[in-house]
Amino acid sequence: MKPTTHSYIFLTLLIASAFPTASFSPCRTHSTIPQQWSPTTSQLYMNKKKKQKPLPNTIANKGFASPNTVSTSSSTLIPPKVTSSFRYAGSIHAHPQTPRRSVPDTIAQPDYANDGIPKARPPLFPWIIEQKSREEIEKMRAAGRLARMVLDLAGREVKEGVTTDEIDRIVHEATIAHNAYPSPLNYHNFPKSCCTSINEVICHGIPDTRPLQRGDIVNLDITVYLNGYHGDCSEMFVVGGESAADESTRKLLQTTYDCWIKAMNFVQPGKDYKEIGAIIEDHVTSRGFTTVKSFCGHGIGSVFHTNPNILHYRNNEPAGKMAPGHTFTIEPMICEGDSSYVMWPDDWTATTLDGKRSAQFEHTLLITEDGVEALTGKIETSPVQFWERESEVHRGVWLGSSAGVKERESALNSLLLGEATQA
């Protein structure tokens, strides 16, 4: 696809910064959508969506937080939003959804919780990045650890016959049980508490009533809002476990994981954010894969999406320099075929144009004085996936590159793997 010119992107950055965010991976560029949607401009900075109508179960002036919990019987299922002219790219189709789940009013909520509209805006210039204080960092550590706990819990339920709606219920209930808010819920009217992206779905899949099938690959994207701060992470899972992963599945997941680890290892104070993309693209293209240019990583903190924007492909965009106290995500989306995407009529679900599969991993990262730390890193009860055991880039779980973190990582890998791993 034709790259957007530097001057055009910079102009778009300035224009788009006046609007709130609208996507979990906020950058949307280089769209190549066939029959059903063809944007006239390529937007980079923050993905603006047209305002969506509330779902049928939304109660006026109460939003999702209404105490009136709706039954999830088949009579209350919400039919998928489809049009007669829409053609799915692959085997994954929209299924009915259960109504939006409620959150107790006693839980602190982000500014978009009631009306779906984020109020906070990022700084005007993309290289202006917030540096968190010690107090803010500790709050982000807590949010990150909870996000990891919820992700691990949800991942254990990725089994044949289980619906992604059931996984969403588990995520929702676990989050509010820890006095936190599931960040995706009602963010620009997103109807669920997590994203579940299966096979050819690149990102932002909406949990529904389709039962998982053996061999499916699933990305679970979990974000929680705890004490005023967001923690955001995602991981891949194979339905049926390692035995259900054929050679092509293993290659896709291993390549995606390894490029992600390489990119995170690059992070340290003084480096340019724009250099992250080339590391990812060079790794995956050398192995026959492509990297999605339409969605990106993002800054995070008390605001769900802010500066910096992390592009997962070679670029020369003015995203600023890394400094201690910056918190952001790296979340490459890697495809077996064409990285162009099709947007479903629900205005959220993005799938590959050719129907081939896509994979993704994500951490919330903190830049330290001597490197980087994964605030959503794995913990003592986390599962170890086969791509972590078999990685030639970093064997075992990855927690960061700073000295203190490496000591903790080594001890954790000894516990989880039962032997010493590389530092």
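Preceding this section is the structure that the text describes.
None of these values were measured; they are calculated from a predicted model.

Peer 1: Any chance you could break down the packing of helix 4 (residues 247–266) against helix 5 (residues 276–285) for me, citing the residues and the numbers?
Peer 2: Helix-helix packing: each pair is described by the crossing angle between the helix axes and the interaxial distance. The contact between helix 4 and helix 5 brings their axes to 9 Å, and the two run at 150°. Between helix 4 and helix 5, the angle is such that the two are roughly antiparallel. As for the relative orientation of helix 4 and helix 5, their crossing is right-handed in sense. Contacts between helix 4 and helix 5 involve T255, D258, C259, K262, A263 and F266 on the former and, on the latter, I276, I279, I280, H283 and V284. Grouping the amino acids of the contact of helix 4 with helix 5 by side-chain chemistry returns 7 nonpolar, 2 polar and 2 charged.

Peer 1: Help me get a handle on the packing of aromatic side chains, residues and values and all.
Peer 2: One pair of aromatic rings is described through two measures. These are the centre distance and the angle between the planes. A complete count under the given rule lists 14 aromatic pairs for this structure. Ring plane angle 80° and centroid distance 5.0 Å describe the contact between Y88 and W344, whose orientation is recorded as edge-to-face. Here W344 lies in the loop between strand 11 (341–343) and strand 12 (350–352) and Y88 lies in the loop between helix 1 (6–16) and helix 2 (134–155), a separation of 256 residues in the sequence. Taking relative accessible area as the criterion, Y88 reaches 23% and is therefore assigned partly exposed. Centroid distance F190 to W348: 5.2 Å. Interplanar angle 85°. Geometry classified as edge-to-face. Pair noted here: F190 is in the loop between strand 1 (181–182) and strand 2 (195–198) and W348 is in the loop between strand 11 and strand 12, with a separation of 158 residues, a long-range link.

Peer 1: An account of the pairing of strand 2 is needed here, citing residue identities and associated values.
Peer 2: Alternating residues of strand 2 divide into C195 and S197 and T196 and I198, and every residue in both groups is buried. Where strand 2 and strand 4 (residues 217–226) come together, 4 bridges link them in antiparallel fashion. Its bridge partner lying in strand 4, S197 is registered against N219.

Peer 1: So, the sheet that holds strand 11: which residues are in play, and what are the values?
Peer 2: Here 3 strands make up an open sheet; going across it, the order is 3-12-11 and the pairing antiparallel. The outermost strands of the open sheet, each flanked by one partner alone, are strand 3 (201–203) and strand 11. Averaged over all pairs of adjacent strands, the angle between their axes in this sheet comes to 40°, without regard to strand direction. Here 3 bridges tie strand 11 to strand 12, and the two strands are oriented antiparallel to one another. Counted as the bridge partner of M343 is A350 from strand 12.

Parameters at a glance
Residues numbered from 1 in each chain as written. Predicted model: local features only at pLDDT ≥ 70, side-chain atom pairs only at ≥ 80, totals over all residues. Heavy atoms only, no water. Axes fitted to C-alpha atoms, helices over the stretch in contact; angles between N-to-C directions. Helix = DSSP H or I, 4+ residues; strand = E, 2+ residues; numbered from the N terminus. Parallel < 35°, antiparallel > 145°, perpendicular 65-115°, else oblique. Left-handed = near helix turned anticlockwise from the far one by under 90°. Contact = heavy atoms within 4.5 Å. Nonpolar A, V, L, I, M, F, W, Y, C, P; charged D, E, K, R; others polar. Phe/Tyr/Trp six-rings, centres within 6.5 Å; stacked < 30°, edge-to-face > 60°. Buried < 20%, exposed > 50% of the residue type's maximum accessible area, 1.4 Å probe, protein only. Pairing = 2+ DSSP bridges.

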